[in-house]
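# Summary of structural features
Chain by chain, the residues run as shown.
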Amino acid sequence: TKTIIRATPSRPSNNPRKPATQPAQFDAAFILEDPATNTSPNPPVRIARIRVIFHLPPHLSLSPHPLAYVEWYTHLGPIDSTTQMYHVSRATRNRQPHSAVICITQILGGCHLIPQFPRNMNDEWSLDIATRFWVNTYVDLSTFVASKRI
């Protein structure tokens, strides 16, 4: 099956008093952290949020493939004993999102994250505010099987 990964900015409404006609969508994905280890039995996999997918002009490009600007989540820690899912948080460096530019060939597939909801949620809360997530390993069979090998 084909996985679609989106990095779509919001589209503003023609009416400034109305909300955006299309909200932004930046998908999370499993990323092969080091392409040089792709042949090892358990290559290092990390989760990132895809923010932009782009091409460099031919005279600047070192790769024939598009590139992606990603914001990393923390490395997968131990599995939570209750949910049997991994926890991740947004990774930061100097209080800014820890980010990188990667080749899209490093994207292994989509990743479903479940936010850890705060006790006191209000109307202002959104996924962009969430800081801690569970990695949903039950979303499909291939993710479930792969999670058992990490």
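Please read these numbers as outputs of a predicted model, since none were measured by experiment.

Analysis parameters
Residues numbered from 1 in each chain as written. Predicted model: local features only at pLDDT ≥ 70, side-chain atom pairs only at ≥ 80, totals over all residues. Heavy atoms only, no water. Helix = DSSP H or I, 4+ residues; strand = E, 2+ residues; numbered from the N terminus. Buried < 20%, exposed > 50% of the residue type's maximum accessible area, 1.4 Å probe, protein only. Contact = heavy atoms within 4.5 Å. Salt bridge = Lys/Arg side-chain N within 4 Å of Asp/Glu carboxyl O. Polar contact = N/O pair within 3.5 Å; in protein donor to acceptor, adjacent residues only side chain to side chain. pLDDT = per-residue confidence, 0-100. Pairing = 2+ DSSP bridges. Axes fitted to C-alpha atoms, helices over the stretch in contact; angles between N-to-C directions.

## Description of unusual backbone geometry
- The backbone of Asn94 sits at a positive phi, close to 50°, despite the residue not being glycine.
- Within the secondary structure layout, Asn94 lies in the loop between β7 (92–93) and β8 (96–97).
- We classify Asn94 as exposed; its relative accessible area is 75%.
- Positive phi values are uncommon outside glycine, yet Arg95 reaches one of about 65°.
- With respect to the helices, strands and loops of the structure, Arg95 is situated in the loop between β7 and β8.
- Given a relative accessible area of 80%, Arg95 falls into the exposed group.

## Some thoughts on the environment of Cys103
- Here Cys103 shows up in strand β9 (residues 99–103).
- Put simply, Cys103 and Ser63 are 40 residues apart on the chain and 7.7 Å apart in space, counted from C-alpha to C-alpha.
- Ignoring sequence-local partners within four residues, the contact set of Cys103 consists of Ser63, His65, Pro66 and Leu67.

## Topic: the pattern of salt bridges
- Summed over the entire model, instances satisfying the criterion amount to two salt bridges.
- As a salt-bridge pair, Arg46 and Glu33 come within 3.2 Å of each other at their nearest N and O atoms. With Arg46 in strand β4 (residues 45–54) and Glu33 in the loop between β3 (28–32) and β4, this residue pair connects regions lying 13 residues apart in the sequence.

## A word on the side chain of Arg49
- Along the polypeptide, Arg49 turns up in strand β4.
- A distance of 3.1 Å separates the side chain of Arg49 from the backbone oxygen of Phe26, its partner in a polar contact.
- With residues near it in sequence (within four places) discarded, Arg49 still touches Phe26, Asp27, Ala28, Tyr69, Val70, Glu71, Tyr73, Arg90 and Asp128.

## Considerations on the confidence of the model for the chain
- Looking at the chain as a whole, the pLDDT averages 84, with 89% of positions reaching at least 70.
- Model confidence for the chain, summarised as mean pLDDT per element, is weakest for helix α1 (residues 141–147) at 69 and strongest for strand β5 (residues 67–72) at 96.

## Topic: the sheet that holds β9
- Spatially, β9-β5-β4-β3-β10 is the arrangement adopted by the five strands of the open sheet, whose pairing is antiparallel. Because the sheet does not close on itself, it has two edges, and the strands there are β9 and β10 (107–111). The mean angle between the axes of side-by-side strands here comes to 45°, regardless of whether they run parallel or antiparallel.
- Sheet analysis places β5 next to β9, joined by five bridges and oriented antiparallel.

## Quick word on the side chain of Gln106
- Here Gln106 lies in the loop between β9 and β10.
- Take Gln106: its relative accessible area is 10%, and that puts it in the buried class.
- Dropping the residues within four chain positions of it, Gln106 is found in contact with Phe30, Ile31, Leu32, Glu33 and Pro35.

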